[in-house]
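Residues per chain are reported as follows:
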Amino acid sequence: MSNEIVVIHLEKNRNFAGPDLNLSAVDWIKWETCLRVVYFGVSANLPSELTSEAEVYRGSEAYFFCLHTVCGLKSPMLGETEVWGQFKGLFRNFDFASVSFGKEMQKFINCLFADGKLIRHTHLTGLGSQSYGSLARRLLRGLDEVNFIGAGSLVQQMLPWLVKGRKKVRIFCRNKDQGIQRLEELKVLPEHVEVVPMQEGLHHSVRGGLIIAAPLPAEVIGSLFSGRQLEKVVDLRENSTKDRLEMDCHVIALVDFFKEIESTRSAVAEKVIAAERDIRLLADKHFNHDFRRVGCDELWL
């Protein structure tokens, strides 16, 4: 594989949305996700000046970066499949003849598909729950209704994991406007989620799951939600061990929640190390001219 292949990477963040570099569509292939912008090309077409935020990878390093990315190892949720699907979506019917370096890039992409499938299958299946949201979704699986106490950043992080597939999601909070703002930032439609002032909690029929993400005393929470048709409560208060919540259902305290995540992360870390080792070996082999990988002649779609 040619060492002339170049990848330009622009990572998005709050202060940097990944500007369009205005590169020629004949000389560069652009792939954009919610987290990054990636341009595929060759060194002959590399601009003399680039924004300081741009990372440039060449040859085997470009391949390592791309395989590492499409396998979900640069994602907040390690091993997630969305980035793999986005990558396939771009190149499934891509016309490589439309770019000046198409023949060489098609080899590069074909091998990424083949190696990506291999790495994901070998190392990145069954990674379990690695975040508050993913673990809460697993713990509350099968419950049609989920209720939150609180409207802070933790609730905002967890909402995307718990909105889909529910008949009802409620946010009980002191400041209704803040709760509505959280939904607007996530582009969650008001009809899918209801924001309720805390003092009105007694007037609502609460059932299913309850996630506590606000520093309220157990006594207050109990007075509002005891005797309801709740099946599971996830208590994420920092003092949940000392100020124990007594309910008529299964209560999962913060310490047990942490143990579950740490156990999963330890196992995931080992799998990631093994995956990165094999990604490095594959990248080095592809750019060793004496090596010819069988299986890269066809697109693994």
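Residues numbered from 1 in each chain as written. Predicted model: local features only at pLDDT ≥ 70, side-chain atom pairs only at ≥ 80, totals over all residues. Heavy atoms only, no water.

**Topic: the overall build of the protein chain**
If you tally the helices and strands in the protein chain, you get eight helices and 10 strands. A total of 301 residues make up the protein chain; the buried ones form 49% of that total. By sequence separation, contacts in the protein chain at least 24 residues apart represent 66% of the contacts at least 6 residues apart. For the protein chain, the accessible area works out to roughly 15,800 Å², and carbon and sulfur atoms hold 48% of it. (Helix = DSSP H or I, 4+ residues; strand = E, 2+ residues; numbered from the N terminus. Buried < 20%, exposed > 50% of the residue type's maximum accessible area, 1.4 Å probe, protein only. Contact = heavy atoms within 4.5 Å. Areas by Shrake-Rupley, 256 points an atom, 1.4 Å probe, with all protein chains shown as cover.)

**Describing the nonpolar core**
With 39 residues, the main nonpolar core has Phe40, Tyr63, Phe87, Met105, Phe108 and Ile109 as its most contacted residues. Every element with two or more residues in this core is listed here: β1 (5-11), β2 (29-32), β3 (36-42), α1 (59-70), α2 (82-91), α3 (102-123) and α8 (254-286). Once residues within four sequence positions are removed from consideration, methionine 105 is found in contact with Ile5, Ile29, Phe40, Gly41 and Phe96. Judged by nonpolar contacts, the second largest core, of 27 residues, contains Leu159, Ile171, Cys173 and Ile261. (Core = buried A, V, L, I, M, F, W, Y, C linked by side-chain atoms within 4.5 Å.)

**Some thoughts on the environment of glutamate 11**
Summarising the element assignment, glutamate 11 is placed in strand β1. Overall, the relative accessible area of 43% leaves glutamate 11 in the partly exposed class. Sequence separation between glutamate 11 and valine 38 is 27 residues, and the spatial gap between their C-alpha atoms is 8.6 Å.

**Side note on the packing of aromatic side chains**
By convention here, two paired aromatic rings are described through the distance between centres and the angle between planes. With the rule as written, the count across this model stands at 14 aromatic pairs. Consider the rings of phenylalanine 40 and phenylalanine 91, whose centres lie 5.7 Å apart with planes at 80°: the pair is edge-to-face. You can see phenylalanine 40 sitting in strand β3 and its partner phenylalanine 91 sitting in helix α2, a full 51 residues away along the chain. The class for phenylalanine 40 is buried, based on a relative accessible area of 0%. Within the aromatic cluster, the residues linked to one another by ring pairs are Trp31, Phe40, Trp84, Phe87, Phe91, Phe94, Phe96 and Phe113. Over the face of the ring belonging to phenylalanine 64 we find arginine 280, whose NZ or CZ atom lies 4.1 Å from the ring centre. (Phe/Tyr/Trp six-rings, centres within 6.5 Å; stacked < 30°, edge-to-face > 60°. Lys NZ or Arg CZ within 6 Å of the ring centre and 35° of its normal.)

**Brief notes about the pairing of β3**
By the criterion of burial, β3 is predominantly enclosed, with seven of the seven residues buried. Taking every second residue as pointing to the same face, both faces of β3 are buried, with Arg36, Val38, Phe40 and Val42 on one and Val37, Tyr39 and Gly41 on the other. Bridge analysis of β1 against β3 gives seven bridges, and the strand direction is antiparallel. Residue leucine 10 lies in a different strand from β3, and its bridge partner there is valine 37. (Pairing = 2+ DSSP bridges.)

**Quick notes on helix α5 (residues 153-163)**
Those residues of α5 that fall on the buried side of the exposure criterion are Leu154, Val155, Gln156, Met158, Leu159, Leu162 and Val163. Among the structural elements, α4 (132-139), β5 (145-149), β6 (168-173), α6 (176-186), β7 (193-197) and β8 (207-212) are those in contact with the buried residues of α5. Glycine 165 sits one or two positions beyond α5 and adopts a positive phi of about 80°.

**Digging into the sheet that holds β2**
Strand order in the open sheet made by the four strands is β2-β3-β1-β4, with antiparallel pairing throughout. Unpaired on one side and paired on the other, β2 and β4 (55-58) mark the two borders of the sheet. On average, each strand axis in the sheet is tilted by 20° relative to the strand beside it, whichever way the strands run. Contacting β2 and β3, α2 runs over the sheet at an angle of about 150° to β2. (Axes fitted to C-alpha atoms, helices over the stretch in contact; angles between N-to-C directions.)

**Considerations on the pattern of salt bridges**
Oppositely charged side chains can form a pair if their charged atoms are brought close together. Counted under the stated rule, the structure contains 10 salt bridges. Residue arginine 280 pairs with glutamate 61 through a salt bridge whose shortest N-O separation is 2.9 Å. In this pair, arginine 280 is assigned in helix α8 and glutamate 61 in helix α1, connecting sequence segments 219 residues apart. Using a relative accessible area of 26% as the deciding quantity, one classes arginine 280 as partly exposed. Residue classification places glutamate 61 among the partly exposed residues on the basis of a relative accessible area of 35%. Between arginine 277 and aspartate 278 there is a salt bridge, with the nearest N and O atoms lying 3.2 Å from each other. It is possible to trace a salt-bridge network through shared partners that takes in Glu145, Lys168, Arg170 and Glu194. (Salt bridge = Lys/Arg side-chain N within 4 Å of Asp/Glu carboxyl O.)

**Here we look at the sheet that holds β7**
Either a parallel or an antiparallel arrangement is found when strands of a sheet pair, and the pairing is made through backbone hydrogen bonds. Spatial strand order, β7-β6-β5-β8-β9-β10: six strands in an open sheet with parallel pairing. A single partner strand is all that each edge strand has here, and the edge strands are β7 and β10 (250-253). Across the sheet, the axes of successive neighbouring strands diverge by a mean angle of 20°, strand direction being ignored. Two strands pair when backbone bridges link them, and β8 and strand β9 (residues 229-235) are joined in this way by six bridges, in the parallel orientation. Note that in β9 the partner of leucine 210 across the bridge is valine 233.

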